[in-house]
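What the coordinates show
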Amino acid sequence: MTQKLVVANWKMNILLHEAVALLESVNIGSLHKSLVICPSFIYIPTLVDAFKKLDFGAQDCSANDLGAYTGEVAAAMLYEIGCKYVIIGHSERRISCGEDNQTVGRKLVKALESKITPVICIGESLEVRNQGSTLEHLFKQLEEIGISRNKKFVIAYEPIWAIGSGVTPSVDEVKAIFNKIKGAYPYLQLLYGGSVGPENADEFFGIDVLDGLLVGGAGLSAQKLNQILS
Ligand code: PEP
């Protein structure tokens with residue numbers, strides 16, 4: 001990745017007209033970083049058509065091929081509507097939909113088969129952090145998802161306790177974790193996510209082994225996005 005990547009996960013927020021207005025206020029012409037917007041599935045075709053200079057991603061994909069899976073969206077469908085990325089294994093899906101590492105691994109395979117870049121989320125709970133087992137937990141996740149040590153994947157490290165909480169690990173902690181991960185998986189592209197906004201984005205961008213950021217709340221404000229992307 002030459003330019004740092006900023007992935008904005010909109011989750012189940014904002015209506016379509018608000019999404020259009022938001023993106024019209026993003027300084028798309030003068031971006032210093034690569035921006036990927038991950039809206040609700042149903043907005044993707046409209047937004048892909050309206051904002052040709054932006055890249056779009058989905059927030060999830062099915063672990064299955066096309067078939068009888070009510071309510072699911074296949075990676076092949078996402079490719080056809082212009083998705084370049086898909087977030088896989090976000091902690092909210094792991095918690096609310098019971099997704100485990102094996103399921104995340106199957107989704108990863110489906111994304112790759114459909115030529116979509118997966119953004120694979122890993123991260124520890126506060127309990128794991130307090131036990132001092134963060135690295136062990138992250139390495140177990142990478143192993144069980146099936147991340148190869150000699151392939152290029154985009155991994156988003158998102159401590160669960162940092163998401164939407166206003167609390168983050170220190171930059172030094174993230175740096176140390178990334179260095180350990182890179183030591184074992186040298187080809188991974190590493191993003192940090194969890195309570196990043198204009199006030200702290202530059203500190204994280206200062207980490208030499210960091211390839212980008214995954215933002216939630218801050219991605220719902222054009223002003224904040226413009227500041228993070230400047
Ligand atoms: C997220 O949910 O992936 C996230 C990073 O959220 P926030 O930036 O709001 O903490």
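Residues numbered from 1 in each chain as written. Predicted model: local features only at pLDDT ≥ 70, side-chain atom pairs only at ≥ 80, totals over all residues. Heavy atoms only, no water.

**Brief notes about the nonpolar core**
Inclusion rule: Note on terminology: a nonpolar core comprises buried Ala, Val, Leu, Ile, Met, Phe, Trp, Tyr and Cys residues joined through side-chain atoms within 4.5 Å. Accessibility here uses a 1.4 Å probe with only protein chains present; expressed as a share of the type maximum, an area under 20% marks a residue as buried, one over 50% as exposed, and anything in between as partly exposed. What counts as a helix is a DSSP run of H or I of at least four residues, what counts as a strand is a run of E of at least two, and both are numbered from the N terminus. The contact definition used throughout considers only heavy atoms, calling two residues in contact when any of these lie within 4.5 Å.
Counting 61 residues, the largest nonpolar core has Leu23, Ile147, Tyr192 and Leu213 as the members making the most contacts within it. With five residues, the top contributor of residues to this core is helix H8 (residues 171-184). Non-local contacts of Tyr192, meaning those with residues more than four positions away in its chain, are made with Tyr157, Pro159, Ala162, Thr168, Pro169, Val174, Phe178, Phe204, Leu210, Gly212, Leu213 and Leu214. Among the nonpolar cores identified, the runner-up in size contains twelve residues, and Leu5, Tyr85, Ile87 and Leu191 belong to it.

**Here's the deal with the side chain of Asp60**
This is how the line gets drawn: Counted as a polar contact is a pair of N or O atoms within 3.5 Å, where, for protein atoms, one must be capable of donating a hydrogen and the other of accepting one, and residues adjacent in sequence contribute only when both atoms are in side chains.
With respect to the secondary-structure elements, Asp60 resides in the loop between strand E3 (55-58) and helix H3 (75-80). Taking relative accessible area as the criterion, Asp60 reaches 9% and is therefore assigned buried. Separated by 2.7 Å, the side chains of Asp60 and Lys107 make a polar contact.

**A word on the packing of helix H5 (residues 101-113) against helix H7 (residues 134-145)**
Applied cut-off: Angles shown run from 0 to 180 degrees and are taken between the N-to-C directions of axes, each axis being a line fitted to C-alpha atoms and, for helices, limited to the stretch in contact. Note that the term roughly parallel is reserved for angles under 35 degrees, roughly antiparallel for angles over 145, roughly perpendicular for angles of 65 to 115, and oblique for everything else. Note on convention: the crossing is left-handed when the near helix lies turned anticlockwise from the far helix by less than a right angle, right-handed when the turn is clockwise. All amino acids are sorted into three groups, where Ala, Val, Leu, Ile, Met, Phe, Trp, Tyr, Cys and Pro are nonpolar, Asp, Glu, Lys and Arg are charged, and the leftover types, Gly among them, are polar.
Across the interface, H5 lies against H7 with an axial gap of 8 Å and an inter-helix angle of 50°. It follows from the interaxial angle that H5 and H7 lie oblique. In this structure, H5 crosses over H7, and the sense of that crossing is right-handed. Contacts between H5 and H7 involve Asn101, Gln102, Val104, Gly105 and Leu108 from the first element and Lys140, Gln141, Glu144 and Ile145 from the second. Its residues placed into classes, the contact of H5 with H7 shows three nonpolar, four polar and two charged.

**Describing the environment of Ser30**
Residue placement: Ser30 occurs in the loop between helix H1 (16-24) and strand E2 (34-38). Assessed through its relative accessible area of 44%, Ser30 is described here as partly exposed. Considering only alpha carbons, one finds Ser30 and Val215, 185 residues apart in sequence, at a separation of 19 Å.

**Brief notes about the site of the ligand**
Rules: We define proximity as follows: a residue is near a molecule or strand when any one of its heavy atoms falls within 4 Å of that partner. Only the protein chains shown count as cover for residues, and all accessible areas are computed by the Shrake-Rupley method using a 1.4 Å probe.
Around the ligand, the surrounding shell holds 13 residues, and the nearest of these are Lys11, His90, Glu158, Gly164 and Ser195. Within the side chain of Glu158, a nitrogen or oxygen atom sits 2.7 Å from an oxygen atom of the ligand. One of the backbone N or O atoms of Gly164 is found 2.7 Å from an oxygen atom in the ligand. Contact with the protein chains removes 94% of the 300 Å² of surface that the ligand exposes when unbound.

**Re helix H10 (residues 222-229)**
Given 3.6 residues per turn, any residue in an α-helix points the same way as the ones three and four places further on. Quick note on the threshold: Arc, as used here, means the arc of the directions from the helix axis to the C-beta atoms.
Looking only at H10, the buried set comprises Ala222, Leu225, Asn226, Ile228 and Leu229. When H10 is viewed along its axis, its buried side chains cluster within an angular range of 165° and face the same direction. Turning to H10, the residues buried within the fold contact strand E1 (5-9), H1, E2, helix H9 (201-205) and strand E8 (212-215).

**Topic: the sheet that holds E3**
Convention followed: For two strands to count as paired, DSSP must find a minimum of two bridges between them.
If you trace the eight strands once around the closed barrel, you get E1-E2-E3-E4-E5-E6-E7-E8, paired in parallel fashion. For this sheet, the mean inter-axis angle between neighbouring strands, taken without regard to orientation, is 25°. Where H8 meets the sheet, its contacts fall on strand E5 (117-122), strand E6 (154-157) and strand E7 (189-193), and the angle it forms with E7 comes to roughly 155°.

**Focus on the pairing of E6**
Condition: Crossover handedness is defined here as right-handed if the route from the first strand over the helix to the second strand goes clockwise, with the strands pointing away from the viewer.
Residues Val154 and Ala156 point to one face of E6 and Ile155 and Tyr157 to the other, with burial holding for every one of them. Note that E5 and E6 share four bridges and pair parallel. Bridging across to E6, Ile120 finds its partner in Ile155. Viewed along the sheet, the connection from E6 through H8 into E7 turns out right-handed.

**Points about the pairing of strand E4 (residues 85-88)**
Here E4 shows two buried faces, one formed by Tyr85 and Ile87 and the other by Val86 and Ile88. Where E3 lies against E4, two bridges are found, and the strand directions are parallel. Within E4, the residue paired with Ala58 across the bridge is Val86. In terms of handedness, the path from E3 via H3 over to E4 forms a crossover that is right-handed. Of the strand pairs in this sheet, E4 and E5 are connected by four bridges, and their pairing is parallel. By the bridge assignment, Val86 is partnered in E5 with Pro118.

**Digging into the layout of surface pockets**
Going by this rule: Cavities and pockets were defined on a 1 Å grid built from protein atoms only: a cavity is a group of points that admits a 1.4 Å probe but offers it no way out, a pocket is an open group of points flanked by protein on both sides within 12 Å along at least five of seven lines, and a lining residue is one with an atom within 4 Å of any such point. Grid points are joined across faces, edges and corners, and a volume is the space filled by probe spheres set on the points.
The calculated volume of the largest pocket comes to roughly 470 Å³. Phe41, Gln59, Asp60, Arg93 and Cys97 are the residues nearest the centre of the largest pocket, which is lined by 24 residues in total. Listing elements by their share of the lining of the largest pocket, those giving two or more residues are helix H4 (91-96) and H5. Of the residues that constitute the lining of the largest pocket, the class distribution is eight nonpolar, nine polar and seven charged.

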